[in-house]
Every structure is written in C-alpha cells, then in structure tokens.
Amino acid sequence: MAVSFGTLKGAGLERLSPFRYGRIRDQVLVTNEAGGFVLLSQEEFAALVEGTLAEDNPRYQELQSKHFFRSDAATASLARDYARKNAFLFSGPYLHIVIVTLRCNEVCVYCHASRRDVSEDSFDMKPELARQVVDTIFESPSPVINIEFQGGEPLVNWETVRFLIDYSVEKNRTARKKLEFSLVTNLSLMDDEKLAFLMANNVQICTSIDGPKEVHDHNRKLLRGSSYDQAVQWLRRADQAYREKGLDPDLYHVEALLTVTRKTLEHPREVVDEYIRLGRKAIFLRPLNPFGFALKTFQSIGYTSQDFLRFYFEAMDYMIDLNRRGVEILERTAAILLTKMLTPVDPNYLDLRSPCGAGIGQVAYNYDGTVFTCDEGRMLYQQGDDMFQIGTIPESRFQDLIGDPTVKALAVASCLDNIPGCVDCVFKPYCGVCPVYNYAQQGGIFGQMPTNDRCHIYHSILEYLFGRIAEGDKQVLDILTKWTIVRDRSVFFSHD
Ligand code: SF4
Ligand code: SF4
C-alpha cells in the first residue's frame, strides 16, 4: 500500500511537512509523524502534491488544521503533538510481570514449554526472592507501578502472591507511587478467602475465556471437570464482589482474554455472542502467540495470518452491526489502534509502540530470579535460549537490568524509523514491531517486513479500520470513536 516517499514529485511538495501516504479503497490516506491523518480523493491528492489544492477545499482546511502545511507555527504544533504521543519514553518501566510459579493445574493446547505439573513445587518463587523482586521493582523511576502475577497458574503459589501484595503495599507507604496489581488466572483454584483478599487489595483479575464452552474446554483442559464452568462461576462471583464494593460494573469487572486457535476460527460470531452473554463489553481477539511451541503443536492448532484475518474481520463486522443495534461490545486491538488514530494520546500498549516496551516499559521476573525484557523473552528462555535475559535477582540492581545491552538492542530493533518497510509505511504512526517475535520467527531481532506475519496482521487490521472510516458512515465513525474512550479506573491504584 505504501508507495516510496522518494517516488513522489510535485510543485507543491516543498510546502508540505513530511508525510506518508497509501491507498485505502479508492482514496489516498496521508499520515504525519504525530498520527494526524486525512483521507483524500485521488484528484485531491494529485492537486495537493502539485500545489493546486484550492484553499477553500474542505480537505485543504483539514490538512491545515492537522499541520500538514509547513510553517513555524505548524512545526511547533506538530512537535507538541509528537511529544504528547511519545510521552511514554520519559517514564521508565511501569509493567512488572512476576512469574510466581511454572506449575499449573490446567493443560491448554497452546501452552508453552514452561508449564510444570502441580506436584513440582521446586518451580515456585520463594518468599525471600519475592521480597528482593519487589525491592528491585520499586527502584524503577516510573511513578506508576503495575505488578502483574503470571504463571503457570499463580494461584498454585498463593502464599507468594499474597506476600508480594502485602510487601508492595507496605513499601509503597513511603514510595508513594501509583501502585496497581493484576492477577492473570484460570480461576479454577479461586476460593472465597482468596477472592476476599484480592478485593480488599483492589486487584484487577484477568482470565481466559476462549469462547463458548465447547471451544473453551477444547482449548483448556482440567483434569477433573470443565475449565469453562470453573472460569465462568468465579468470573461471576468476582464481578459480584466488585459490585459489592460499590464499584461501577462497567469499569470494574473481570477482564477476559481470548486466544484464537484453529478451533476458534470456525466460530467468529459465537465467541462474540458468548462474551455478550457473560456481560463483557470488550473482547480481545489475540492470534496464537508463536513462542515456545513444539512445531508439532503449532501444526495441529495453528493457522495462517490470512485465516486469522478472515476470522477477525467477520467478528469485527458482526460487532459493528451489533453496536448499530445498541449492543455495546468492542474489540481491544481495534480500540488500541483507534485510540492512536483518533485521539491525541497514545495508550502505551507495550507491544505496539516505537520503540516497544522491552526493558524500557516492562520487565519480567522469573520464579528462579532470572529477569527478562518481557514475558515473551522469558518464554524463549524456558526453551533453552537466554537471548533476552537481562540479569538475575538479587545480583542485578534495577540500573543493571535496564542498562543491559540487550535492552538497548531491542529499543533500536523496534524503533520503526530504523526498519526498512516501516520507515515509509503509511501506518507507521500507529504501529509497532516485536523483536522477540522477529527473532523466533525470522531468525533475527530486525524483522523482514514483507514476509512477517505479525506485520501482515497489523497492516491488514489498520487497512480495515481506515477502510471503515473511509466509508463515511457517521454511525460507524461514532461507534469506532466510542471505542477509544478511556475511563478512569483509579480504584485499582488505591491501597491506603
Ligand atoms: S510492521 Fe507496521 S509499520 Fe511496519 S510495515 Fe508492517 S504495518 Fe507498516
Ligand atoms: S519484544 Fe515483543 S513482546 Fe517484548 S515488549 Fe517488545 S513487542 Fe512486546
């Protein structure tokens, strides 16, 4: 879609600030560095580059208001917008993923090599190490700290989760940061006591719901009983517990995530209906994460990026139609991209920014004290590749971790200005690459975008979203704009 910037010639070009362009349906999309965009007819685009676009043309006004025309004032405004969009560069790592155990009581078809049986308690993080991990986390300069408990299944090592929360809250009495906890759990080991503790500490609970019961139980197997029944039962009770605290259920509820397997591809509408039936207003349609699979596993549950996109677009069309009929449901990837496209802020989603969050937005702490740029880097370590390890607790201080050359290499490799294909892509202001993905799939942290499936997926989703905007249907535009509204959920930061 993107045409090389160098091929463009026209008398009007010297009046224009740098921009990228590409075709969306029968229109031409132009984007600038701060994420401003305008859709032009082909005639308007030709007139723009020739310098003949009339000043009373509404597109001229729109281009001017978004600083596409060169002037001192426009450059200053563009610089301010750019700084606001990239504010994440100045805050340091806020997401700290703590792998409290590798043990898990479920067996999922897409699980990574790191899962251990519940009987193997040598794969738990011990309390003394947990204390040292929290001490390290609080050395981050970020004023916001989100500690996310992951596994395995974190509830298998409940005592360490409890300790990490208690000790972090105590430490924060002097640190005074915005401290937030999230627990990523399959919910099957939840009980009333644990739930009460999580509620008392304002923990955001996240779980997996892979669609209707048949699909969920196919993907996620419990030794005894249905993983779906367990997850849904506790999802409802946790939602109720948030309500009993007097919290707005639209803002405070269990977040559910969906991993798309080959089985899910057959059910794009059913998974959306299931989320609505469970009272969710958002669904996160995530493609399979390819790290750490045996090739054999991927061959049985994997699919092509084209297959995923067919599923994704059918689900998206369906969700937009449901919204037209008054049903509130949004898709998270689309909401993240639309926020970048339609608002002046960046949602700081760590896998979709330039540079990405590896080591500079997030850090992952393994049960054994090894530390990684991100959880995906940790997954490769569990397969025997320590490429993304940046230190070990307690030997490494926070400065050592983020000063590690691996962090610098990943920042360079995920900076879109350095990547052939991305640097002149019309979607560059909204996109991001993943060096761990590139390394695992293409053999090097600098990906080859023409054959990169992750690029193919984001490129196609962005093309779809701009295509829906280009249709000019006001109701669709209102729906997509509504998906960008970020509402205050500050109770999750409250621990006094
Ligand atoms: S990764 Fe994103 S910015 Fe880079 S070429 Fe692909 S769609 Fe464009
Ligand atoms: S390397 Fe990939 S997974 Fe890790 S933070 Fe960057 S984008 Fe995310």
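## Points about the overall build of the chain
Of the regular secondary structure elements, the chain holds 18 helices and 16 strands. Its C-alpha atoms give the chain a radius of gyration of 23 Å, near enough to 23 Å, the size a compact globule of 496 residues would have. By its C-alpha atoms, the chain is 75 × 50 × 50 Å across when sized along the principal axes. For the chain, with 496 residues in total, the buried portion stands at 44%. Taking all contacts inside the chain whose residues are at least 6 apart in sequence as the whole, residues at least 24 apart take part in 69%.

## Focus: the pairing of strand 10 (residues 255–259)
Here strand 8 (residues 204–208) pairs with strand 10 via three bridges, running parallel. Residue pairing for strand 10: Cys206 is matched across the bridge by Glu255. The sheet contact formed by strand 10 and strand 12 (residues 285–286) spans two bridges and is parallel. Residue pairing for strand 12: Thr259 is matched across the bridge by Arg286.

## Some words on the pairing of strand 4 (residues 95–99)
Counting buried residues along strand 4, five of its five residues qualify, which places the element largely inside the surrounding structure. Direction of pairing for strand 4 relative to strand 14 (residues 362–365): parallel, over a ladder of four bridges. Looking at the pairing, Val98 lines up with Tyr365 of strand 14.

## Some remarks on the sheet that holds strand 4
With mixed pairing, the nine strands of this open sheet are ordered in space as 12-10-8-7-6-4-14-15-16. In this open sheet, the two strands that pair with only one neighbour each are strand 12 and strand 16 (389–392). For strand 14 and strand 15 (residues 370–372), the ladder comprises two bridges, and the chain directions are antiparallel. When the sheet's bridge partners are listed, Tyr365 is paired in strand 15 with Val371. Contacts between helix 5 (residues 158–175) and the sheet are confined to strand 4, strand 6 (144–150) and strand 7 (178–184), with strand 7 contributing the most and set at about 175° to the helix.

## With respect to the packing of helix 4 (residues 127–137) against helix 5
Closest axis-to-axis distance for the helix 4/helix 5 pair is 10 Å, and the angle between their directions is 35°. Crossing of helix 4 over helix 5 shows right-handed handedness. Contacts from Pro127, Ala130, Arg131 and Val134 of helix 4 reach helix 5 at Thr160, Phe163, Leu164, Tyr167, Ser168 and Lys171. Grouping the amino acids of the contact of helix 4 with helix 5 by side-chain chemistry returns six nonpolar, two polar and two charged.

## Remarks on the environment of Gly225
Relative to the helices and strands, Gly225 is located in the loop between strand 9 (220–222) and helix 8 (227–244). Given 10 C-beta atoms within 10 Å, Gly225 falls into the exposed group. Sequence separation between Gly225 and Tyr110 is 115 residues, and the spatial gap between their C-alpha atoms is 19 Å.

## Observations regarding the sheet that holds strand 3 (residues 37–41)
Read from one edge of the open sheet, three strands run 1-2-3, paired in antiparallel fashion. Of all strands in the sheet, those with a lone pairing partner are strand 1 (20–24) and strand 3, marking the two edges. Direction aside, neighbouring strands of the sheet carry axes that sit 25° apart on average. Inspection of the sheet shows strand 2 (residues 27–31) paired to strand 3 by five bridges, in the antiparallel sense. Among the inter-strand pairings, Val30 is bridged to a residue of strand 3, identified as Val38.

## What to know about the confidence of the model for the chain
Predicted confidence across the chain gives a mean pLDDT of 93, with 97% of residues reaching 70 or more. Confidence drops under pLDDT 50 across residues 1–6; counting only partners more than four residues distant or on other chains, this segment forms 14 contacts.

## Some thoughts on the domain arrangement of the chain
Split by domain assignment, the chain resolves into domain 1 (5–85) and domain 2 (90–496). Once you take the C-alpha centre of each, domain 1 and domain 2 turn out to be 35 Å apart. With 16 residues of domain 1 at the contact, the number on the domain 2 side is 15 residues. Looking at the side of domain 1 that touches domain 2, the elements with two or more residues in it are strand 1, strand 2, strand 3 and helix 3 (72–85). With four residues, strand 1 is the single largest residue contributor to the side of domain 1 that touches domain 2. By residue class, the composition of the side of domain 1 that touches domain 2 is six nonpolar, four polar and six charged.

## Concerning the site of ligand 2
Within the structure, ligand 2 sits among 15 residues, and Asp351, Cys356, Cys374, Glu376 and Cys434 are positioned closest to it. Residue contributions to the shell around ligand 2 peak at three residues, all from helix 16 (residues 435–442). Among the residues making up the shell around ligand 2, the classes are represented as nine nonpolar, four polar and two charged.

## With respect to helix 1 (residues 42–50)
Considered for burial, the residues of helix 1 that qualify are Glu44, Phe45 and Leu48. Here the buried residues of helix 1 occupy an arc of 100° about the axis, which is enough to place them on one side. Turned more than 90 degrees away from the buried face of helix 1, the exposed residues are Gln42 and Glu43. Where helix 1 is buried, its residues meet strand 2, strand 3 and helix 2 (58–65).

Cut-offs and rules
Residues numbered from 1 in each chain as written. Chains lettered and ligands numbered in written order. Predicted model: local features only at pLDDT ≥ 70, side-chain atom pairs only at ≥ 80, totals over all residues. Helix = DSSP H or I, 4+ residues; strand = E, 2+ residues; numbered from the N terminus. Rg over C-alpha atoms; globule rule 2.2 N^0.38 Å. Buried ≥ 20, exposed ≤ 12 C-beta atoms within 10 Å, placed from the backbone. Contact = placed C-beta atoms within 7 Å. Pairing = 2+ DSSP bridges. Axes fitted to C-alpha atoms, helices over the stretch in contact; angles between N-to-C directions. Left-handed = near helix turned anticlockwise from the far one by under 90°. Nonpolar A, V, L, I, M, F, W, Y, C, P; charged D, E, K, R; others polar. pLDDT = per-residue confidence, 0-100. Domains from an automatic or database assignment. Near = placed C-beta within 6 Å. Arc of directions from axis to C-beta.

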